[in-house]
Amino acid sequence: MLGFDAGYQPGAPIETTLRRITVGYRVVAAVWLLVLSAVALGSPDPALRRSVVAATMLLVVVWTVVTVGFSSVRPAALRHPLFLVVDAAVAAATLLAPGAAGSPTQLFYGGYPLSTVALAVYGRGFGAGIGAGVVLAVTAATRFAFPEFGRTPAERLSQVIIYLFSAILLGWSAGAMRRSERLRLRAEQELSEERARRARVEERAELAARLHDSVLQTLALIQRRAGDPPEVSSLARRQERELRALLFGDERAVGWLGQALHSRAAEIEDRYRVKVDVVTVGDRPLDERLAALVAAAREAMTNAAKHAGVDQVSVYLEADDAAVSVFVRDRGVGFEPDRVGSDRRGIVDSIQARMERHGGRAAVVSRPGGGTEVELVMTE
């Protein structure tokens, strides 16, 4: 009776549901027993038999109240071996009492003991449920000493096997629920771990993109301008500010989309000595997604300033209720996007992948001698 189910986990969420179902069934069974007992008390049975019915009613009421109280205040008590032993004794009493009460009440107490089987399954698992079923089956068998019970062998046998069958059915059902709960919890844990892994990957990708946008490009500029110490010093100071913003928070992320684009355009003008014209139609407060769009636009401006061979880049922002679009255009030398080397990650990582990570899209249209247009779209 004290055996554990392989799926028994006291801390699992399913245990609360099983406890409520089991205790609820105990209350329903007790109320039904009281209704039938009240009918028996009104019968013309001898006083002794009616006294047995009344005593059984009182026992069931008291023990049901105790069960409900433990369930509400101290649920762990329902799993204690002593509680389950007493519970089985009360159920056995309800089975034996009809023998003393006589024929009119012979079937009044058959349903209540099934709640004992359910409580045993809940409290200690499948093995305990089988043990409780055996105890009740043996108790039911002893009732054959009373001639009022079971007018045929089949009726007598059914009194015994119903508890064993119920124990198997309830034990299997509770075990299936517990196994299902374990699988659900495992799936949720795996999903949580996968989300955390993807978040780490995306965070590393975003950091790599930002480093590419700033540090790596600044280092390349320093190499090209190594003979100009004032310019190198200026680049180093600017990069120091950007790194601090990256590590400790970028105050420029607070504000409006248009302001952020103008600010990034000013950086490109200052760094690469090209003019960047920004035209805005509509505006939006900056959030995480729009900050990613600004970062992608900055990379497109940087690419145009570095590789297009022009002295002017055009940026057009359009924001409405449905979407936010940014176009970065130049009339430079152009290129073939499909032939960009795999080692050049600016377009793939800093523009396309960044936009996709935040639910947007990026398209690059260019051809040799025909200039380049980068379209960035972030939809609602």
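Note that the structure is predicted; figures quoted are calculated from it, not measured. (Residues numbered from 1 in each chain as written. Predicted model: local features only at pLDDT ≥ 70, side-chain atom pairs only at ≥ 80, totals over all residues. Heavy atoms only, no water.)

Draft legend 1. Expanded view of the pattern of salt bridges. Applying the stated criterion across every chain yields a total of seven salt bridges. Of the charged contacts in the structure, one is a salt bridge between Glu15 and Arg79, with a shortest N-O distance of 3.1 Å. Taken together, the positions of Glu15 in helix α1 (residues 13-41) and Arg79 in the loop between α2 (47-73) and α3 (81-101) put the pair 64 residues apart, joining distant regions of the chain. Each member of the pair Glu15 and Arg79 is classed as buried. Arg184 is the salt-bridge partner of Glu188, the closest N and O atoms lying 2.5 Å from each other. Placement of both Glu188 and Arg184 in helix α6 (residues 153-224) is noted, with a separation of four residues, approximately one turn of the helix. (Salt bridge = Lys/Arg side-chain N within 4 Å of Asp/Glu carboxyl O. Helix = DSSP H or I, 4+ residues; strand = E, 2+ residues; numbered from the N terminus. Buried < 20%, exposed > 50% of the residue type's maximum accessible area, 1.4 Å probe, protein only.)

Draft legend 2. Quick peek at the sheet that holds strand β4 (residues 360-366). Pairing in this open sheet of five strands is mixed, and the strands run β1-β2-β3-β5-β4 from one edge to the other. On the outer flanks of this sheet lie β1 (275-281) and β4, each paired with one strand and no other. Strand-to-strand twist across the sheet, computed as the mean angle between neighbouring axes with direction ignored, equals 10°. Here β1 runs beside strand β2 (residues 312-319); their pairing, made up of seven bridges, is parallel. Bridging across to β2, Val279 finds its partner in Tyr316. Running at roughly 10° to strand β3 (residues 323-330), helix α9 (residues 288-307) makes contact with β1, β2, β3 and β5 (372-379) of the sheet. (Pairing = 2+ DSSP bridges. Axes fitted to C-alpha atoms, helices over the stretch in contact; angles between N-to-C directions. Contact = heavy atoms within 4.5 Å.)

Draft legend 3. Quick look at the nonpolar core. Counting 36 residues, the largest nonpolar core has Val276, Leu293, Met301, Val326, Val328 and Leu376 as its most contacted members. Those elements that place two or more of their residues in this core are α8 (257-272), β1, α9, β2, β3, α10 (346-357) and β5. Looking at this core, the element that brings in the most residues is α9, giving nine residues. Contact partners of Leu293, with chain neighbours within four places excluded, come to Leu257, Val324, Val326, Met355, Leu376 and Met378. Ranked by size, the runner-up nonpolar core spans 15 residues in total, among them Ala29, Ala30, Phe83 and Leu119. (Core = buried A, V, L, I, M, F, W, Y, C linked by side-chain atoms within 4.5 Å.)

Draft legend 4. View of the packing of helix α4 (residues 112-124) against helix α5 (residues 126-142). Taken N-terminus to C-terminus, the directions of α4 and α5 make an angle of 155°; their axes are 6 Å apart at the nearest point. Compared by their axis directions, α4 and α5 come out roughly antiparallel. Like other packed secondary-structure pairs, α4 and α5 cross with a definite hand, here right-handed. Facing α4, whose interface residues are Pro113, Thr116, Val117, Ala120, Val121 and Arg124, α5 presents Phe126, Ala128, Gly129, Ala132, Gly133 and Leu136. (Parallel < 35°, antiparallel > 145°, perpendicular 65-115°, else oblique. Left-handed = near helix turned anticlockwise from the far one by under 90°.)

Draft legend 5. Region of interest: the pairing of β4. Judged from the seven bridges that link them, β4 and β5 form a sheet pairing that is antiparallel. Within β5, the residue paired with Gly360 across the bridge is Met378. Here β4 folds back onto β5 in antiparallel fashion, the turn holding five residues, of which Gly369 has a positive phi close to 80°.

Draft legend 6. Expanded view of the packing of aromatic side chains. In this structure the tally under the stated criterion is three aromatic pairs. When the centroid spacing of 5.9 Å and the interplanar angle of 75° are considered together, the rings of Phe70 and Phe83 count as edge-to-face. Of this pair, Phe70 sits in helix α2 while Phe83 sits in helix α3, and the two are 13 residues apart along the sequence. Look at Phe70 and you get partly exposed, because its relative accessible area is 31%. In this structure Phe83 comes out as buried when scored by relative accessible area, which is 6%. Between Tyr316 and Phe327, the aromatic rings sit 6.2 Å apart at their centres with planes inclined by 35°, giving tilted as the arrangement. With Tyr316 in strand β2 and Phe327 in strand β3, this residue pair connects regions lying 11 residues apart in the sequence. One aromatic cluster is present, formed by Trp63, Phe70 and Phe83 through successive ring pairs. One Lys or Arg, Arg79, reaches over the ring of Tyr122 and ends 4.3 Å from the middle of that ring. (Phe/Tyr/Trp six-rings, centres within 6.5 Å; stacked < 30°, edge-to-face > 60°. Lys NZ or Arg CZ within 6 Å of the ring centre and 35° of its normal.)

The analysis is restricted to geometry; functional conclusions fall outside its scope.
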